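# Tertiary structure, described
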Amino acid sequence: MSLDLAPGTPAGPPGTEAATATTSTATAVTEARAPLTPKSLRAIVRDLAEQPDQWIHHVRLSTEERWYRRLVADEDHEVWLISWLPGQSTGFHDHGGSRGAFAVALGELEELSLGGPEQGLLIRRIAAGTARAFGPEYVHDVRNTAAGPAVTLHAYSPPLSSMAHYELRAGGLVRTSQEGPEQW
């Protein structure tokens, strides 16, 4: 995993410049890797959250909206750093079919998700040092309901290609919009 210090600029996989040296190397580089598992993504964000020297100098706070920066852009996954002031929220959203995980490095957040007809709306408090992982169909809302700022690390595999947003209504979630990387 390498840090991509230019926000929004994907880093090529190591050795790409030598990929055309042999057919087998070129084939290996151009073949898409299988997505990482949620468990692997949780390990990535948990480990990175425990190394603040790798990301703390990038953190910014914005009163306008959540602040975010992509730290890692690899062929099979990406990692984002996000800061949250009190009251900031994602709203309900999916991850465009990507698996994911996030770790709260500083502060505390609240996660809302639907647990099915018997469970209804699930609300989880996620304290610093906690990591959550999810599969490709997961929809949730993450928000800072605490009194102070929070910082999180998020990993997705494959890298995000789209995100749909939803409203929670009496009958359940209703899709309201979709965005792609050009909006990030």
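Since the structure is predicted, the reported quantities are computational estimates derived from the model, not experimental observations. (Residues numbered from 1 in each chain as written. Predicted model: local features only at pLDDT ≥ 70, side-chain atom pairs only at ≥ 80, totals over all residues. Heavy atoms only, no water.)

Moving on, we come to the packing of aromatic side chains. Centre-to-centre distance and the angle between the planes together describe a pair of aromatic rings. Throughout the structure, instances matching the rule amount to two aromatic pairs. Aromatic pair Phe-134 and Tyr-138: ring centres 5.1 Å apart, planes at 20 degrees, arrangement stacked. Summarising the burial analysis for this pair, Phe-134 and Tyr-138 share the class buried. The ring of Trp-84 carries Arg-66 above its face, with NZ or CZ at 5.2 Å from the centroid. (Phe/Tyr/Trp six-rings, centres within 6.5 Å; stacked < 30°, edge-to-face > 60°. Buried < 20%, exposed > 50% of the residue type's maximum accessible area, 1.4 Å probe, protein only. Lys NZ or Arg CZ within 6 Å of the ring centre and 35° of its normal.)

The strand order β1-β2-β9-β4-β7 describes an open sheet built from five strands, whose pairing is antiparallel. Of all strands in the sheet, those with a lone pairing partner are β1 (67–73) and β7 (131–134), marking the two edges. Pairwise comparison of adjacent strand axes, ignoring direction, gives a mean angle of 20 degrees for this sheet. (Pairing = 2+ DSSP bridges. Helix = DSSP H or I, 4+ residues; strand = E, 2+ residues; numbered from the N terminus. Axes fitted to C-alpha atoms, helices over the stretch in contact; angles between N-to-C directions.)

Of note, Leu-168 is situated in strand β10 (residues 163–169). Considering only alpha carbons, one finds Leu-168 and Leu-114, 54 residues apart in sequence, at a separation of 9.6 Å. Discounting residues that sit within four places of it in the chain, Leu-168 has contacts with Phe-92, Leu-114, Leu-121 and Leu-173. (Contact = heavy atoms within 4.5 Å.)

Strand order in the open sheet made by the three strands is β3-β10-β11, with antiparallel pairing throughout. The outermost strands of the open sheet, each flanked by one partner alone, are β3 (92–93) and β11 (172–179).

On to the layout of surface pockets, then. Each pocket or cavity is described by its volume, and for the largest pocket that value is around 410 Å³. If you trace the largest pocket, you find 21 residues lining it, with Arg-66, Tyr-68, Ile-82, Met-163 and Glu-179 closest to the centre. Those elements that place two or more of their residues in the lining of the largest pocket are β2 (78–84), β4 (99–106), β9 (150–157) and β10. Here the element with the most residues in the lining of the largest pocket is β2; it accounts for three residues. (1 Å grid on protein atoms, 1.4 Å probe; cavity = no way out; pocket = protein on both sides within 12 Å on 5 of 7 lines; lining within 4 Å. Points joined across faces, edges and corners; volume = space filled by probe spheres on them.)

Here the focus is the pairing of β2. Judged by how many residues are buried, β2 sits mostly within the fold: seven of seven residues are covered. Sheet analysis places β1 next to β2, joined by six bridges and oriented antiparallel. Residue Ala-73 lies in a different strand from β2, and its bridge partner there is Glu-78. Between the antiparallel neighbours β1 and β2 lie four residues. Direction of pairing for β2 relative to β9: antiparallel, over a ladder of seven bridges. Bridging across to β9, Glu-78 finds its partner in Tyr-156.

Counting 21 residues, the largest nonpolar core has Val-45, Trp-55, Leu-71, Val-79, Leu-81 and Leu-153 as the members making the most contacts within it. Every element with two or more residues in this core is listed here: α2 (38–49), β1, β2, β4, β7 and β9. For this core, the leading source of residues is α2, giving five residues. Core analysis: the second largest hydrophobic core is formed by 14 residues, Trp-80, Phe-134, Ala-150 and Leu-160 among them. (Core = buried A, V, L, I, M, F, W, Y, C linked by side-chain atoms within 4.5 Å.)

Averaged over every residue, the pLDDT of the protein chain is 86; residues scoring 70 or more account for 83%. In this model residues 1–30 is a low-confidence stretch, pLDDT under 50, and it forms 37 contacts with partners more than four residues away in sequence or in other chains. (pLDDT = per-residue confidence, 0-100.)

A few words now on the pattern of salt bridges. Taken as a whole and assessed by the stated rule, the structure comprises nine salt bridges. The salt bridge involving Glu-110 is made with Arg-125; its shortest N-O contact spans 3.2 Å. Taken together, the residues Glu-110 in strand β5 (residues 108–114) and Arg-125 in strand β6 (residues 121–127) connect sequence positions 15 residues apart. Note that Arg-124 and Glu-111 form a salt bridge whose closest N and O atoms lie 3.4 Å from each other. Highlighted residues: Arg-124 in strand β6 and Glu-111 in strand β5, separated in sequence by 13 residues. In this structure Arg-124 comes out as partly exposed when scored by relative accessible area, which is 26%. Taking relative accessible area as the criterion, Glu-111 reaches 0% and is therefore assigned buried. Taken together, the salt bridges that share partners define one network made up of Arg-33, Glu-75 and Asp-76. (Salt bridge = Lys/Arg side-chain N within 4 Å of Asp/Glu carboxyl O.)

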